[in-house]
Amino acid sequence: MGGHIKRGRRAGRTDLLAVSGFIVASLIVINLPAGPQRDVGHFIRQTVLRPFIGVNALLTRTQARARDFDTLRAQMDTTMALVAAQRTLAEENRQLRGVLSLKDRAPSRFVSATVIRSGSSGSASVFHLDAGSIDGVRPFNAVITERGLLGQVQEVFPEYSLAYDWSHPDFRVSAMTPDGRGHGLVEAARGAFREQDRLVLGGTAYLSDLEPGTELLTSGRGGAFPRGIRIGSIVGVAETSAGWSKSYYVDPVVYPGAVTHAVADIGVAGGMLAALADSAAAPSREGSR
Amino acid sequence: MRIREVLLVSCLILTHLFLRTALGFGKAAPDLFIVALLVGSRTLGVGAGAGLGFVLGLVEDAFSMRAFGSSAFAMTLVGAFGAKSRDYFVGDSMGFLVTFFLLGTWGRDLLAWVVTEASVRPAFQDHLLIEAPLLALYATIVGLAARSLFLPRRKRG
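Residues numbered from 1 in each chain as written. Chains lettered and ligands numbered in written order. Predicted model: local features only at pLDDT ≥ 70, side-chain atom pairs only at ≥ 80, totals over all residues. Heavy atoms only, no water.

1. Quick word on the overall build of chain B
For the record, the criterion: Secondary structure counts use DSSP, requiring at least four H or I residues in a row for a helix and at least two E residues in a row for a strand, with both numbered from the N terminus. Each residue is placed in one exposure class: buried if its accessible area under a 1.4 Å probe, protein chains only, is under 20% of its type's maximum, exposed if it is over 50%, and partly exposed if it falls in between. Whether two residues are in contact is decided by their heavy atoms: any pair within 4.5 Å suffices. Note on areas: Shrake-Rupley with a 1.4 Å probe; residue coverage comes only from the protein chains shown. Charged residues are defined here as Lys and Arg on the positive side and Asp and Glu on the negative side; His and the ends of the chain fall outside this count. Note on charges: their place is set at NZ of Lys, CZ of Arg, CG of Asp or CD of Glu.
If you tally the helices and strands in chain B, you get six helices and zero strands. Ordering the α and β elements of chain B from the N terminus gives α-α-α-α-α-α. Overall, the C-alpha framework of chain B stretches about 55 × 35 × 30 Å when taken along its three principal axes. Burial statistics for chain B: of 157 residues in total, 56% are counted as buried. A separation threshold of at least 6 residues defines the contact pool for chain B, and within that pool the share at least 24 residues apart is 66%. About 7,000 Å² of surface is accessible on chain B, with carbon and sulfur atoms providing 70% of the total. Across chain B, the mean location of the 15 positive side-chain charges is 11 Å away from that of the 10 negative side-chain charges.

Shown next as C-alpha cells:
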C-alpha cells in the first residue's frame, strides 16, 4: 500500500517535471530569435512535412497543366499582340536614351515557381515557392503573377522559399499612378472581421484626387520592388486626415487564394537588397525552369 | 494507451497532414491534430500529453512566419489539461465528450491567440467569437464520430 502511494507520488513528480519542461520549451521556441526559429521550421518542413509538401506540389502542377487549352491560347495571342504592337517602342526608347546619354536599363530576370499553400493554422498569407537560393531567389524578391503583384519572398532555402502575399500585416509596397502624379504606400488594413480586410493606399497628397478605377503600379521607391508592376485599382476614399493627406481603398488585381503559379523577380533592385540580407549567395540557374 | 487508441491517434495525425498539407484544403478540412491530441491525452499521463501537444504544435507551426511557437505552447497546455481531466472526470458520456472537444479546441485557439504578437494575430471578434467556435464544433463532430467508430464504449454489466 505504502509502495503504491510512493510510486504514485514519484510518477506525479515526474509528470509535473515533464509538463514544466514542455511548457518552458514552448516558451523558449516562441521567444527564439528569427534565425533559430527559421532553422527549426526548415527542419520540420524537410523531414515530417516533406512528403506531404511534395504531393501538394505535384497536384498543383498537374492542375496547372490541365488548364483549358483555349484559355492558354487566348493568353498567348494577347501577349503576342502586345509584343507586336510595342516592338517599335524598344527601338524608340533605345534611341531616346542614346540622345539623353542614359545607360541601358538592366533587364529583369525571373524564376518560375509553383505556389503551394500549407493550409495549417498560423500560415495564413504565407506560401511556399518551389524555387530557392540555387535558382537565384533571394529574400525580398517580388513575387509576380501574369496579373500583377502577389507578394514578397521572406525566407530562402536552397531548394525552396517562403513568401507572404499582400494580405500579410507586414506587407508594404510603394505605389504610384501610371502618370506618376500620385504616390503613396499600399498596405493591408485589418478590419474587425476578415471580410473587411482591404488594401489601402496611404500617404497621398490631400489635393491629389484619384478617381475610382485609377490603376496603381509599384513605384520602385525603396528598391524592394521593381517599378511598374500592377498592384490594383482605386475603389474610393478611405480616410482624410485633417486636410493633410488622403488614403484610398484599393481593389487588388491578384487574389492570392487562386494563384498556383508565379515568378520571382530576381532582377536588379531585389537582388541588391537580397545581397545585403543574405550574403551566402549561391550560383543561379534562373531561366532553366 | 491501447493499440486501438495508438492507431486512431496515428490515423488522425496522418489524415490531418494529408488533407491540410498535401491536398491544401486548409480550414475546409477539420483540425484533426487537436482531435488526435484530445483523444490521446485522455489515455496518456500528464507529461506524455504535454509532450504529444508540443510535438504536434511544432509541426503546425512549421509554416508560421510571425507566430512561430504559439501552436506549440497552446497544444502543450491543452495536452496537459486533457490528461489531467481524467483525474476529475471519469467516463466518456456524450455530454462530457462534447464539452471536452469543444472547450479543448476553442481553448487551443484562445491560448495561441494570446501568445501571438498583437500586430500579426487576427481580430478578436472574428477569430475567437465566430471562426473558432465553428471550427471547434466541426472538430467536435469529427472527434465524436472517430471515437464512436474506432473506440466503441464498453457495455456495462
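2. Re the overall build of chain A
A count of helical and extended segments in chain A gives six helices and 12 strands. Counting only residues that meet the buried cut, chain A has 38% of its 289 residues in that class. A separation of at least 24 residues holds for 58% of the contacts in chain A among residues at least 6 apart in sequence. As displayed, chain A has an accessible area near 16,400 Å², and 59% of this comes from carbon and sulfur atoms.

3. Describing the sheet that holds strand β7 (residues 183-189) of chain A
Test applied: In this analysis, strands are considered paired if DSSP registers two or more bridges between them. As a rule, the C-alpha atoms of each element are fitted with a line to give its axis, helices using only the stretch in contact, and angles between N-to-C directions run from 0 to 180 degrees.
Ordered in space as β6-β7-β8-β11-β10-β9 (chain A), the six strands form a closed barrel in which the pairing is antiparallel. Taking the axes of each pair of neighbouring strands and ignoring which way they run, one obtains an average angle of 45° across the sheet.

4. Description of the sheet that holds strand β1 (residues 110-116) of chain A
All names here are of chain A. Taken in spatial order, the six strands close into a barrel running β1-β2-β5-β4-β3-β12, and their pairing is antiparallel. Each strand of the sheet is rotated relative to its neighbour by a mean of 40°, with strand direction disregarded. Looking at chain direction, β1 and strand β12 (residues 261-265) are connected through five bridges and run antiparallel. Each bridged residue has a counterpart across the sheet, and for valine 111 the counterpart in β12 is alanine 264. Along the sheet face, helix α3 (residues 50-65) touches β1 and β2 (126-129) and points at about 110° away from the line of β1.

5. A look at the pairing of strand β4 (residues 149-156) of chain A
All names here are of chain A. With respect to burial, β4 is a largely interior element, eight of its eight residues being buried. Taken together, the three bridges between strand β3 (residues 142-144) and β4 define a ladder with antiparallel strand orientation. Pairing of isoleucine 144 across the sheet is with leucine 149, part of β4. Between β3 and the antiparallel strand that follows it, β4, lie four residues. Taking the residues between adjacent antiparallel strands as the criterion, β4 and strand β5 (residues 161-165) are bridged by four residues.

6. What to know about the confidence of the model for chain A
Our working rule: The predictor attaches a confidence to each residue, called pLDDT, with possible values from 0 through 100.
Here chain A averages 82 in pLDDT, while 87% of its residues score no lower than 70. Residue range residues 269-289 of chain A is modelled with pLDDT below 50. Its contacts to residues more than four positions away, or to other chains, number 35 contacts.

7. As for the interface of chain B and chain A
Our working definition: Take the accessible area each of two parts loses on contact, using a 1.4 Å probe, and add the two losses: that sum is the buried area. Throughout this description, the term salt bridge denotes a Lys or Arg side-chain nitrogen within 4 Å of a carboxyl oxygen of Asp or Glu. In the analysis that follows, any N or O atom pair within 3.5 Å is treated as a polar contact, provided that within protein one partner can donate a hydrogen and the other can accept it, and provided that, for residues neighboring in sequence, both atoms belong to side chains.
With 43 residues of chain B at the interface, the matching set in chain A holds 44 residues. Across the interface of chain B and chain A, roughly 3,700 Å² is buried in total on both sides, 68% from carbon and sulfur atoms. The three residues of chain B that bury the most area against chain A are Phe63(B), Met65(B) and Phe68(B), which together make up 23% of that side's buried surface. Summed over the shared surface of chain B and chain A, the number is zero salt bridges. The interface formed by chain B and chain A includes four residue pairs in polar contact (both at pLDDT 80 or more). Going through the elements one at a time, α1 (3-22), α3 (46-60), α4 (70-88) and α6 (124-150) of chain B are the ones with two or more residues in the side of chain B that touches chain A. Considering every element that reaches the side of chain B that touches chain A, the biggest residue donor is α3(B), with eight residues.

8. Quick look at the side chain of Arg45(A)
Within the secondary structure, Arg45(A) is located in helix α2 (residues 34-46). No salt bridge is formed by the buried Arg45(A); the nearest opposite charge belongs to Glu155(A), separated by 4.0 Å. If we skip the residues at most four places from it in the chain, Arg45(A) touches Arg38(A), Arg50(A), Ile53(A), Glu155(A), Phe157(A), Tyr160(A), Leu162(A), Ala62(B) and Phe63(B).

9. Some words on the nonpolar core
Applicable threshold: Remark: nonpolar core denotes a set of buried residues (Ala, Val, Leu, Ile, Met, Phe, Trp, Tyr, Cys) joined through side-chain atoms within 4.5 Å.
Core analysis: the biggest nonpolar cluster contains 68 residues, and Leu49(A), Leu149(A), Val186(A), Leu201(A), Ile231(A), Ile34(B) and Val35(B) have the highest contact counts within it. Counting residues per element, this core draws most heavily on helix α2 (residues 32-41) of chain B, at eight residues. In this structure, Val186(A) is in contact with Phe171(A), Arg172(A), Val173(A), Ala175(A), Leu199(A), Val200(A), Leu201(A), Leu216(A) and Ile231(A), ignoring residues within four places of it in sequence.

10. Remarks on unusual backbone geometry
Residue and element names in this part refer to chain A. A positive phi angle is found at serine 101, which is not glycine, with a value near 55°. Among the structural elements, serine 101 can be located in the loop between α5 (87-99) and β1. On the accessibility criterion, serine 101 (66% relative accessible area) is exposed. Of note, the phi angle at serine 125 is positive, near 75°, even though the residue is not glycine. Tracing the chain through its elements places serine 125 in the loop between β1 and β2.

11. Here we look at the pattern of salt bridges
A complete count under the given rule lists 13 salt bridges over all chains for this structure. Measuring nitrogen to oxygen at the nearest pair gives 2.4 Å for the salt bridge that ties Asp209(A) to Lys246(A). Of the two residues, Asp209(A) is situated in the loop between β8 (198-205) and β9 (215-218) and Lys246(A) in strand β11 (residues 245-252); the sequence distance between them amounts to 37 residues. Put simply, Glu5(B) and Arg2(B) hold a salt bridge, and the shortest N to O gap is 2.9 Å.

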